[in-house]
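Here are the chains, one letter per residue:
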There are 2 protein chains.
Amino acid sequence: MSAALLALTALPPAASAQEAAPAKPTPADVVAAAPATDWRAIDPADLLVMELAPDTAGQPRRVIIQLIPPPFSAGWTGNIRALARAHWWDGTSVYRVVDNWVAQWGDGEDDKPDAKPLPGGLLVVPESDYLTPIETGPEDGRDFVLTPEKQEVVINRWIDSYAITGFAAGWPIALDDSGGRSGWPVHCYGSVGVARDLSPDTGTGAELYAVIGHAPRALDRNIAVVGRVIAGIEHLSTLPRGRGEAGVYDDAALRVPIRSVRLGDELPPAERPHFEYLASDSASFARYLHLRANRDDDFYRAPAKGVDICNAPVPLRQIVKGN
Amino acid sequence: MSAALLALTALPPAASAQEAAPAKPTPADVVAAAPATDWRAIDPADLLVMELAPDTAGQPRRVIIQLIPPPFSAGWTGNIRALARAHWWDGTSVYRVVDNWVAQWGDGEDDKPDAKPLPGGLLVVPESDYLTPIETGPEDGRDFVLTPEKQEVVINRWIDSYAITGFAAGWPIALDDSGGRSGWPVHCYGSVGVARDLSPDTGTGAELYAVIGHAPRALDRNIAVVGRVIAGIEHLSTLPRGRGEAGVYDDAALRVPIRSVRLGDELPPAERPHFEYLASDSASFARYLHLRANRDDDFYRAPAKGVDICNAPVPLRQIVKGN
């Protein structure tokens, strides 16, 4: 294998007996060395497991989405859970794919007479819910948000081109210090958001999209981010681009059927996916973040000395459990 | 068509007779209204026209790459022109595709005995050429770079997460003010760069990659950016992801054959692609850039008040000429 190929992904360099000093660590090295106590389990109930129709070779196509926990986007994620429990997406499709933008799915006919009826009880979520209040701890000035159970979720912060940003319980968010103190989840590659009509509509969560290109940060605060694809993004990012208006598939035969969407806890126990994320308040994460901003190893010779939040994706890993 | 679908791409709103005030313009509106004098023609000699093998439906797959002009990356683009004139890529392939990273092509066997011989006369480009000296105009403090013909290319500047950034003759670049004043081209979605071995190797330009995910800005200054895909990126971004090490196709049957790569001026005149870019020193571009940073229209209600350089791609258009 040509070293040029390996080098471009900055895989950890092979250990060499002749080296007097240890190799400079890469972000991947830090993640691999993180102790078990730095990882947090993701509740299968926070996962949407989407099965697309098999590909042309008959191979299954599973996309797993982690829903963002309250207090962020809670009205929409509540609707999404209701839609999933109602099996509402079964028989719908991926109907729109735009290069360097999004893949979008759902019924797609929502303003037509034959639109698929939504289950009862969905919330109409106000635009004000794009923002979540940020609290400040009196003793140490730390910023945090409160979950419905009144748990504090502390936010670390630094500045990128768009806002002060940080991580809350493993989720990338941005903060606005001016006037009302509020935070919101940011769009990165793989983020999942709620397609909507024009303001004041905010969407129910029935029509969703995943980002398959450069992070569209201008959408932050304008549309609800409800989660991220944690496995199977390639089943969306490789889809043919739509040639119809706004990238909709003009040929209905191109639509990718969705066989089912289930919350992880509705699957039989042996089939539930198990994932963990690297805790954003852990020492390992702090080292990982520093290296993402300051790559300096066999491949990277000129550290950037900065990073935008989407270039520091929270490390995730899948746990394969025995039966 | 559901308004929700249209809204997500913020297409220009339809004119309404009832509106008392003009609709707020979108970036697309500004580009559409730009006068002819704000557009600059791209010399076909600055284009690499790559024909991949047709797809499974027999449709052609053409990828057009604009090479960055001197003084940026001139050693590598000189090599690339030599390789193109030697028809070196004919019969090579796209052999590596990594989600949210790159699609890479060339011979791919460059450290093996049966590696495809390179043409003579290619330069070995030093690492120092990742950077280009920045001059400052004595009268007005403007920053510029000098082309080989001693033409000034002025740079406008603002700050993003990584560096002071700006545009030079329609190309996104970053600047370093500290110590030696230098600039370099930045990686964005669609950027084309030179795959290399470990430092001090910088690659010849024979193995190239295109960015098919979030802008990998940590690569800036560590690898040569030589151009951008201006048409046909979907032929790369939709390719299956490689399952071999570093995303290389472990099954040779997956490699996408490259039928030919030609500089635009080697094609018969009637076949030469004609493109224009919106001049980055034009008033239209300034308005476009402002709106990319401050989207405020029917769809976007909360302007970001900031933008990273990769979210302000230089507008390009293809000119179809009669025979």
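Residues numbered from 1 in each chain as written. Chains lettered and ligands numbered in written order. Predicted model: local features only at pLDDT ≥ 70, side-chain atom pairs only at ≥ 80, totals over all residues. Heavy atoms only, no water.

- As named in an unreviewed UniProt entry, chain A is Peptidylprolyl isomerase, taken from Croceibacterium xixiisoli.

### Examining the overall build of chain A
1) Next: For chain A, the count of helices and strands is five helices and 19 strands.
2) Next: Here chain A has a C-alpha radius of gyration of 21 Å; the compact-globule value for 323 residues is 20 Å, and the two agree.
3) Next: In terms of principal-axis extent, the alpha carbons of chain A reach across some 70 × 55 × 45 Å.
4) Next: The buried share among the 323 residues of chain A stands at 55%.
5) Next: At a minimum sequence separation of 6, the contacts of chain A that also span at least 24 residues come to 68%.
6) Next: Per element, the accessible surface of chain A, about 13,500 Å² overall, is 54% carbon and sulfur.
7) Next: In chain A, which carries 30 positive and 42 negative side-chain charges, the distance between the mean positions of the two groups comes to 4 Å. (Helix = DSSP H or I, 4+ residues; strand = E, 2+ residues; numbered from the N terminus. Rg over C-alpha atoms; globule rule 2.2 N^0.38 Å. Buried < 20%, exposed > 50% of the residue type's maximum accessible area, 1.4 Å probe, protein only. Contact = heavy atoms within 4.5 Å. Areas by Shrake-Rupley, 256 points an atom, 1.4 Å probe, with all protein chains shown as cover. Lys, Arg positive; Asp, Glu negative; His and termini not counted. Charge placed at Lys NZ, Arg CZ, Asp CG, Glu CD.)

### A closer look at the state of the cysteines
All names here are of chain A.
1) Next: Scanning all chains against the criterion turns up two disulfides over all chains.
2) Next: The disulfide partner of Cys188 is Cys310, and the S-S distance across this bridge is 2.0 Å. With the S-S dihedral at roughly -80 degrees, the linkage between Cys188 and Cys310 falls on the left-handed side. Of the two residues, Cys188 is situated in the loop between strand S13 (182-185) and strand S14 (191-194) and Cys310 in the loop between helix H5 (283-293) and strand S19 (316-319); the sequence distance between them amounts to 122 residues. (Disulfide = S-S within 2.5 Å.)

### Here we look at the pattern of salt bridges
1) Next: In this structure the tally under the stated criterion is 24 salt bridges over all chains.
2) Next: The partner of Lys24 of chain A in a salt bridge is Asp296 of chain A, and the shortest N-O contact between them spans 3.2 Å. Residue Lys24 of chain A is located in the loop between helix H1 (3-8) and helix H2 (27-33), and its partner Asp296 of chain A is located in the loop between H5 and S19; the two are separated by 272 residues in the primary sequence.
3) Next: Residue Arg295 of chain B pairs with Asp297 of chain B through a salt bridge whose shortest N-O separation is 3.4 Å.
4) Next: Taking the relative accessible area as the measure of exposure, Asp297 of chain B reaches 5% and is therefore buried.
5) Next: Overlapping salt bridges bring together Asp160, Arg217 and Asp220 of chain A as one network. (Salt bridge = Lys/Arg side-chain N within 4 Å of Asp/Glu carboxyl O.)

### Side note on the relation of the copies chain B and chain A
1) Next: Mapping chain B onto chain A leaves a residual RMSD of 0.0 Å; the transformation is a rotation of 180 degrees accompanied by 0.0 Å of translation along its axis. The superposition of one copy onto the other is thereby described by a two-fold rotation axis.
2) Next: Of the residues that chain B buries at the interface, 100% are likewise interface residues in chain A, meaning the two copies contact each other through the same surface. (Least-squares fit on C-alpha atoms with pLDDT ≥ 70 in both.)

### Some details on the sheet that holds strand S1 (residues 39-42) of chain B
Residue and element names in this part refer to chain B.
1) Next: With respect to topology, three strands assemble into an open sheet ordered S1-S18-S19, the strand pairing being antiparallel. Looking at which strands have only one partner, the edges of the open sheet turn out to be S1 and strand S19 (316-319). The sheet shows a mean angle of 30 degrees between the axes of neighbouring strands, taken without regard to direction.
2) Next: In this sheet, S19 lies alongside strand S18 (residues 274-278) in antiparallel orientation, the contact comprising four bridges. Across the sheet, Tyr277 pairs through a bridge with Leu316, a residue of S19. (Pairing = 2+ DSSP bridges. Axes fitted to C-alpha atoms, helices over the stretch in contact; angles between N-to-C directions.)

### Describing the interface of chain B and chain A
1) Next: In this complex, chain B contributes 64 residues to the contact, which on the side of chain A involves 65 residues.
2) Next: Surface buried jointly by chain B and chain A totals about 5,600 Å² across both partners, of which 57% is contributed by carbon and sulfur atoms.
3) Next: Summed over the shared surface of chain B and chain A, the number is zero salt bridges.
4) Next: When contributions to the side of chain B that touches chain A are tallied by element, the ones reaching two or more residues are helix H1 (3-8), strand S4 (93-97), strand S5 (102-106) and helix H4 (234-237) of chain B.
5) Next: Per element, the largest residue contribution to the side of chain B that touches chain A is six residues, and it comes from H1 of chain B.
6) Next: Taken together, the residues of the side of chain B that touches chain A break down into 32 nonpolar, 14 polar and 18 charged. (Buried area = accessible area lost by both parts, 1.4 Å probe. Nonpolar A, V, L, I, M, F, W, Y, C, P; charged D, E, K, R; others polar.)

### Here's the deal with the packing of aromatic side chains
1) Next: Within this structure, the stated rule accounts for 10 aromatic pairs over all chains.
2) Next: Ring plane angle 70 degrees and centroid distance 5.4 Å describe the contact between Phe299 of chain A and Tyr300 of chain A, whose orientation is recorded as edge-to-face.
3) Next: Both rings, one in Trp88 of chain B and one in Trp89 of chain B, keep their centres 6.1 Å apart while their planes meet at 80 degrees; by these two values the pair is edge-to-face.
4) Next: We classify Trp89 of chain B as buried; its relative accessible area is 1%.
5) Next: Cluster of aromatic residues (ring-pair linked, three or more members): Phe167, Phe285 and Tyr288 of chain A. (Phe/Tyr/Trp six-rings, centres within 6.5 Å; stacked < 30°, edge-to-face > 60°.)

### Here we look at the sheet that holds strand S14 (residues 191-194) of chain B
Residue and element names in this part refer to chain B.
1) Next: The strand order S2-S3-S16-S14-S15-S5-S4-S17 describes a closed barrel built from eight strands, whose pairing is antiparallel. Taking the axes of each pair of neighbouring strands and ignoring which way they run, one obtains an average angle of 35 degrees across the sheet.
2) Next: In this sheet, strand S3 (residues 61-67) lies alongside strand S2 (residues 47-52) in antiparallel orientation, the contact comprising six bridges. Across the sheet, residue Leu48 finds its bridge partner in S3, namely Ile65.
3) Next: Packing against the sheet, helix H3 (residues 74-85) makes contact with S2, S3, S14, strand S15 (208-211), strand S16 (225-231) and strand S17 (256-263), and its axis sits at approximately 105 degrees to S17.

### Quick notes on the environment of Ala103 of chain B
1) Next: Tracing the chain through its elements places Ala103 of chain B in strand S5.
2) Next: For the pair Ala103 of chain B and Ser237 of chain B, spaced 134 residues apart in the sequence, the C-alpha separation amounts to 7.2 Å.

### Comments concerning H3 of chain B
Residue and element names in this part refer to chain B.
1) Next: The end-to-end C-alpha distance of H3 is 16 Å, a good match for the 16 Å that 12 residues give at a rise of 1.5 Å each.
2) Next: All buried positions along H3 are accounted for by Gly75, Trp76, Thr77, Asn79, Ile80, Leu83 and Ala84.
3) Next: If you follow the buried residues of H3, they end up packed against S2, S3, S14, S15, S16 and S17.
4) Next: His87 sits one or two positions beyond H3 and adopts a positive phi of about 55 degrees. (Expected span 1.5 Å × (residues − 1).)

### Concerning the pairing of S17 of chain B
Residues and elements named next belong to chain B.
1) Next: Summarising burial for S17: six of the eight residues are buried, a large majority.
2) Next: Bridge analysis of S2 against S17 gives five bridges, and the strand direction is antiparallel. Note on S17: the bridge partner recorded for Glu51 is Ser260.
3) Next: Judged from the two bridges that link them, S4 and S17 form a sheet pairing that is antiparallel. Each bridged residue has a counterpart across the sheet, and for Val94 the counterpart in S17 is Val256.

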